[in-house]
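# Understanding the architecture of this molecule
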Amino acid sequence: MIGWNTIDDLLTLKSSQKHKLLKKSEVFCMAPWLQLHAQTDGKISPCCMTSVHDGNEIGNLRENPNLLDSWNSENMKQLRQNMLKGEKSSLCNNCYKYEELGKFSERMQYNQDFKHYFKRIKSTAPDGTLTENTVPIIDIRFSNKCNYKCRICNSDYSSLWYEEELKLGKNDPNKPKEMRVAKDEAAFWKSYKSLLPDVKRLHFAGGEPLFMDEHYQILEHLISIGNTDVHLTYNTNFSTLRYKKYTVIDLWNKFKTVSIWASLDGMEERGDYQRKGQKWKEIEENIRTVQEKCPHVFFGVNITVSLFNVLHIPAFYKHLVQNKFVKPDRVNLYPLFYPHAFTVTNMTPVLKEKVLQQFGSFEKEYLHSLSGSLKIKDHITAIINYMLSEQVSRQKEFQQKISEVDEIRNEKFTSVFPELAELMSTDNVPVN
């Protein structure tokens, strides 16, 4: 256990202790000393990977719109104490799960990328209070406004899901279609903008950030106050480069550093089915446009691996790399954990064997000779570990979810994914 008891312990941290926290600890993460994050429900946590439930959040913008009040809230102070003492916290369960699967987690990434902020540990009081009141990284999801309605999503994260959930009887008609992160928006914006002069990294996600007015207003504000050295980062479906009066490339070219992680789960018909609203050819055009007109942008792809696309990850990865849409080490694979019916653990034993064969051939015939493929190999290992971690059939639930949405959208799963047709068969549905 790595722990401390007094402020003197912190002030005398030696390099060996720093190494233990950043490299050896199974719970320590730099995020609570660096970042504030809020989802569309207003709940605040240190990062987007947190497993938030009622009671463990560090703040709630719908109850208190002042972001800094969360910086040293009781739950945030306790989280910092737990990390320094080597104790686990429920907020961090997703990273623990990733690491159990052999995946390089966000916790590890924060410790690797932001170790130069480690001196902040010395500014931490024994009760977990951090006297540094500047927040280097801010990640606020302003609303659920989105132009997609992905199969793995819901109305909490996409406004386009709202009507379909009403038709399916899965939504409260009194719930607003567009969710706002804060109730007192004037007070929230005053708080948010007060942090922008000192912010070092600003993350945008959604909903769909390139489809939100707030995103463009913030970029204009940053330009007006002269903070164009801020590192802009994105999770985006990358469906548009123009919004109302804005051309986002013109704005990006005014900033020193821009990193885009496009959320793309597949190409052509299969990809467009999964991410309803996607037009794959337009995605390819947008990538080419950014490469040509905004070459300083760092571009990567995040793939959420589900039952829908796991068999096609090798082909999709090869397409992205061979067409030079992305470099080999700029693709991340994230296993889908929810909805449970769509996870790779819900595949039949026969389909799981096909996945193993596909990935085996992929590594032997392509990855072994590809420079920069170590990262994707590690991600594949984590996906396989997760797939094999359980064999609990939710096939009946899967069939219901697919059929009800197919009917509303006039789509047919088995026509798009004939290789997964056995999942829709009623002949081999186990009796639970």
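A brief report on the enclosed structure follows. Every residue gets a number counted from 1 within its own chain, in the order that chain's sequence is written. Whole-chain, interface and lining totals are the exception, using all residues; otherwise, since this is a predicted model, local features are given only for residues with pLDDT of at least 70 and side-chain atom pairs are given and counted only at 80 or more. Note: side-chain values were computed over all heavy atoms of the structure, leaving out hydrogens and water.

## Some words on the overall build of the protein chain
Threshold: Secondary structure is summarised from DSSP: a helix means a run of H or I of at least four residues, a strand means a run of E of at least two, and numbering begins at the N terminus for each. Per-residue accessibility, obtained with a 1.4 Å probe over protein chains only, is compared with the maximum for each type, and a residue is labelled buried under 20%, exposed over 50%, and partly exposed between these values. Pairs of residues are marked as contacts when any of their non-hydrogen atoms sit within 4.5 Å. Values of accessible area rely on a 1.4 Å probe in the Shrake-Rupley scheme; residue burial ignores everything except the protein chains shown.
In terms of helices and strands, the protein chain carries 17 helices and 13 strands. Considering only C-alpha atoms, the protein chain reaches an extent of 65 × 50 × 45 Å along its principal axes. Looking at the protein chain residue by residue over its 432 residues, the buried ones come to 53%. Sequence separation of at least 24 residues holds for 75% of the intrachain contacts in the protein chain that already meet a minimum separation of 6. Total accessible area computed for the protein chain in this model is approximately 19400 Å², and 48% of it derives from carbon and sulfur atoms.

## Some points on helix α16 (residues 395-409)
What counts is decided by this rule: For a helix, the expected span equals 1.5 Å multiplied by the residue count minus one.
The terminal C-alpha atoms of α16, which comprises 15 residues, lie 21 Å apart, in line with the 21 Å expected from a rise of 1.5 Å per residue. Among the structural elements, β5 (149-150), α7 (162-167), α11 (268-274), β11 (275-276) and α17 (413-416) are those in contact with the buried residues of α16. Just beyond α16, the residue with positive phi is N410, at close to 55°.

## Overview of the packing of helix α14 (residues 349-365) against helix α15 (residues 374-387)
Packed helices, taken two at a time, are described by the angle between their axes plus the distance between the axes. Keep this limit in mind: In this analysis, axes come from line fits to C-alpha atoms, helices being fitted only over the stretch in contact, and the angle between any two N-to-C directions falls in the range 0 to 180 degrees. We call two directions roughly parallel when the angle between them is under 35 degrees, roughly antiparallel when it is over 145, roughly perpendicular when it lies between 65 and 115, and oblique otherwise. Note on convention: the crossing is left-handed when the near helix lies turned anticlockwise from the far helix by less than a right angle, right-handed when the turn is clockwise.
Interaxial distance between α14 and α15 falls to 11 Å at its minimum, and their mutual angle equals 165°. Taken together, α14 and α15 sit at an angle that is classed as roughly antiparallel. As α14 packs across α15, the resulting crossing turns out to be left-handed. Of the residues in α15, those touching α14 at K352, V355, L356, F359, F362 and E363 are K377, I380, I384 and M387.

## Quick word on the sheet that holds strand β13 (residues 331-335)
As a reminder of what qualifies: Paired strands, in this sense, are two strands between which DSSP finds at least two bridges.
Read across the open sheet, the nine strands follow the order β3-β2-β1-β4-β6-β7-β10-β12-β13; overall the sheet is mixed. The open sheet has two free edges, formed respectively by β3 (59-60) and β13, since each of these has just one partner strand. Of the pairings in the sheet, the one linking strand β1 (residues 35-38) to strand β2 (residues 43-45) comprises two bridges and is antiparallel in character. Note on β2: the bridge partner recorded for H37 is S45. The strands touched by α15 are β10 (257-263), β12 (298-305) and β13; relative to β13, the strand with the most contacts, the crossing angle is about 10°.

## Examining the nonpolar core
This is how it is decided: Only buried Ala, Val, Leu, Ile, Met, Phe, Trp, Tyr and Cys residues count toward a nonpolar core, and they belong to the same one when joined by side-chain atoms within 4.5 Å.
Counting residues in each nonpolar core, the largest one holds 126 residues, and the members touching the most others are F28, F188, Y192, L202, L232 and W252. Of all the elements, α15 adds the most residues to this core, at seven residues. Ignoring anything within four residues of it in the chain, the contact list for Y192 reads L67, I138, I140, F142, L202 and I218.

## What to know about the pairing of β1
Two faces belong to every sheet, and in a regular strand the side chains alternate between them. Along β1, one buried face is formed by Q35 and H37 and the opposite face, lined by L36 and A38, is buried too. Bridging between β1 and strand β4 (residues 137-140) involves four bridges; their strand directions are parallel. Paired with L36 across the strands is I138, a residue of β4. Linking β1 to β2, which pair antiparallel, is a turn of four residues; within it G42 sits at a positive phi near 90°.

## Thoughts on the pattern of salt bridges
Heads up, the condition is: The salt bridge criterion pairs a side-chain nitrogen of Lys or Arg with a carboxyl oxygen of Asp or Glu, the two atoms within 4 Å.
Under the criterion given, the structure shown has 23 salt bridges. Of the charged contacts in the structure, one is a salt bridge between K170 and E404, with a shortest N-O distance of 2.3 Å. Within this pair, whereas K170 is found in the loop between α7 and α8 (185-195), its partner E404 is found in helix α16, the two being separated by 234 residues in sequence. Ionic pairing is found between K244 and D213, a salt bridge with its closest N-O pair at 2.8 Å.

## Points about the packing of helix α13 (residues 313-322) against α14
Worth spelling out the cut-off: Note on residue classes: Ala, Val, Leu, Ile, Met, Phe, Trp, Tyr, Cys and Pro are nonpolar, Asp, Glu, Lys and Arg are charged, and everything else, Gly too, is polar.
Contact pair α13 / α14: the axes reach a minimum separation of 9 Å and the direction vectors enclose 30°. When the interaxial angle is binned, α13 and α14 end up roughly parallel. Residues I313, P314, Y317 and K318 of α13 touch α14, and the partners they reach there are Q358, F359 and F362. Classifying every residue of the contact of α13 with α14 by side-chain character gives five nonpolar, one polar and one charged.

## Remarks on the environment of T131
Relative to the helices and strands, T131 resides in the loop between α6 (106-113) and β4. Between the C-alpha atom of T131 and that of N385, which follows or precedes it by 254 residues, the distance is 41 Å.

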